[in-house]
Amino acid sequence: MHLILGLAYAQNKEQQKAAASYEKTIEANPENGLGYFYLGALYEQSGKRAQAYEALRKSVELDQENSDALNYLGYMYAVDGNNLEEAGELIKRALEIEPNNGAYADSLGWVYFKKGLIDEALVQIEKASEILEDVEVLEHLGDIYRVKGLKEKADQVYSRALELDPKSESVKKKIDNLKNEEVKNVTD
């Protein structure tokens, strides 16, 4: 009951009430990883990274089959550039549970990208983009194309991402950076 209430509060952006409901879920059943998972996600979305890591680690410890928790924790590590080996293992476990999940393939690709394994990253994120048309996946794909020197492809992918989310400041900035690089290359 508290878990469902917490989800409703989170949906309505009432984060303190959601956190309290998730904590009551944990109090009522401390061995249930779901309460920790949703609390960790809420903390991450609120910018409370340390608490998010703690709750997500506990979620994964209690429920080794929660692919969302495995991926969430692994992707957080990847974004922060921490524990990249563990991040890859967590996400691979999530992919064993849900092999056709585009978000998980993107996460694994991002781990590879952070490790400097660009070709492996490209394989995973291209796979992710075939499964899931998502701004973040397309942005990652564009980043990889850019690193590989495929600026035209990067521009095409960033442009598609901007069509999906015209307000995305990070994508706008990357498109501008590509254009500035082209101008600089022409003037040099």
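Residues numbered from 1 in each chain as written. Predicted model: local features only at pLDDT ≥ 70, side-chain atom pairs only at ≥ 80, totals over all residues. Heavy atoms only, no water.

A. A look at the overall build of the protein chain. Tallying secondary structure elements over the protein chain gives 11 helices and zero strands in all. Counting from the amino terminus, the protein chain carries its helices and strands in the arrangement α-α-α-α-α-α-α-α-α-α-α. For the protein chain, the spread of C-alpha atoms along the principal axes amounts to about 65 × 30 × 25 Å. For the protein chain, the proportion of contacts with a sequence separation of at least 24, taken over those separated by at least 6, is 41%. Carbon and sulfur atoms provide 48% of the accessible area of the protein chain, an area that totals close to 10300 Å². Of note, the protein chain has its 23 positive side-chain charges centred 4 Å away from the centre of its 35 negative side-chain charges. (Helix = DSSP H or I, 4+ residues; strand = E, 2+ residues; numbered from the N terminus. Contact = heavy atoms within 4.5 Å. Areas by Shrake-Rupley, 256 points an atom, 1.4 Å probe, with all protein chains shown as cover. Lys, Arg positive; Asp, Glu negative; His and termini not counted. Charge placed at Lys NZ, Arg CZ, Asp CG, Glu CD.)

B. Structural detail: the nonpolar core. The biggest cluster of nonpolar side chains holds 54 residues, and the ones touching the most others in it are Leu73 and Ile144. Sort the elements by how many residues they give to this core and helix α5 (residues 67-80) lands first, with eight residues. (Core = buried A, V, L, I, M, F, W, Y, C linked by side-chain atoms within 4.5 Å. Buried < 20%, exposed > 50% of the residue type's maximum accessible area, 1.4 Å probe, protein only.)

C. Structural view of the packing of aromatic side chains. If you walk through the whole model with that rule in mind, you get five aromatic pairs. Taken together, a centroid distance of 5.9 Å and an interplanar angle of 25 degrees make the contact between Tyr22 and Tyr38 stacked. Taken together, the residues span a long stretch of sequence, with Tyr22 in helix α2 (residues 15-28) and Tyr38 in helix α3 (residues 33-45) at a distance of 16 residues. By relative accessible area, which is 2% here, Tyr22 ends up buried. With centroids separated by 5.1 Å and ring planes inclined at 20 degrees, the aromatic side chains of Tyr53 and Tyr77 adopt a geometry described as stacked. In this pair, Tyr53 sits in helix α4 (residues 49-62) while Tyr77 sits in helix α5, placing the two residues 24 residues apart along the sequence. (Phe/Tyr/Trp six-rings, centres within 6.5 Å; stacked < 30°, edge-to-face > 60°.)

D. Structural view of the packing of α3 against α4. Direction vectors running N to C along α3 and α4 enclose 160 degrees, while the axes themselves pass 7 Å from each other. Comparing their axes, α4 and α3 come out roughly antiparallel. α4 is crossed by α3, and the crossing has left-handed handedness. Where α3 approaches α4, its residues Gly33, Tyr36, Phe37, Leu39, Gly40, Ala41, Tyr43 and Glu44 are matched on the opposing element by Arg49, Gln51, Ala52, Ala55, Leu56, Lys58, Ser59 and Leu62. (Axes fitted to C-alpha atoms, helices over the stretch in contact; angles between N-to-C directions. Parallel < 35°, antiparallel > 145°, perpendicular 65-115°, else oblique. Left-handed = near helix turned anticlockwise from the far one by under 90°.)

E. Fine view of the pattern of salt bridges. Taken as a whole, this structure holds 11 salt bridges when the rule is applied. With a closest N to O distance of 2.7 Å, Lys115 and Glu85 form a salt bridge. One end of the pair, Lys115, is in the loop between α7 (102-114) and α8 (118-131); the other, Glu85, is in helix α6 (residues 84-97), with 30 residues separating them in the sequence. For Lys115, a relative accessible area of 33% gives the class partly exposed. (Salt bridge = Lys/Arg side-chain N within 4 Å of Asp/Glu carboxyl O.)

F. Broad picture of the confidence of the model for the protein chain. When pLDDT is averaged along the protein chain, the result is 93, and 97% of the positions lie at 70 or above. Per-element averaging of pLDDT across the protein chain places helix α11 (residues 169-187) at the bottom with 81 and α6 at the top with 98. (pLDDT = per-residue confidence, 0-100.)

G. View of the side chain of Glu139. Of note, Glu139 is situated in helix α9 (residues 135-147). On the basis of relative accessible area, Glu139 is assigned to the buried category, the value being 11%. A polar contact is formed between the side chain of Glu139 and the side chain of Ser170, at a distance of 3.0 Å. Setting aside its immediate chain neighbours within four residues, Glu139 contacts Tyr158, Ser170, Val171 and Lys174. (Polar contact = N/O pair within 3.5 Å; in protein donor to acceptor, adjacent residues only side chain to side chain.)

H. Layout of the side chain of Gln124. With respect to the element layout, Gln124 can be found in helix α8. Judged by relative accessible area, Gln124 falls into the buried class, the value being 14%. Every residue in contact with Gln124, bar those within four places of it in the chain, is listed here: Leu95, Ala105, Leu108, Gly109 and Tyr112.

I. Looking closely at unusual backbone geometry. Even without glycine at this site, Lys13 takes up a positive phi of about 60 degrees. Among the structural elements, Lys13 can be located in the loop between α1 (2-11) and α2. With a phi angle near 45 degrees, Asn83 is a residue other than glycine that sits in the positive phi range. Position of Asn83 among the secondary structure elements: in the loop between α5 and α6. The class for Asn83 is partly exposed, based on a relative accessible area of 41%.

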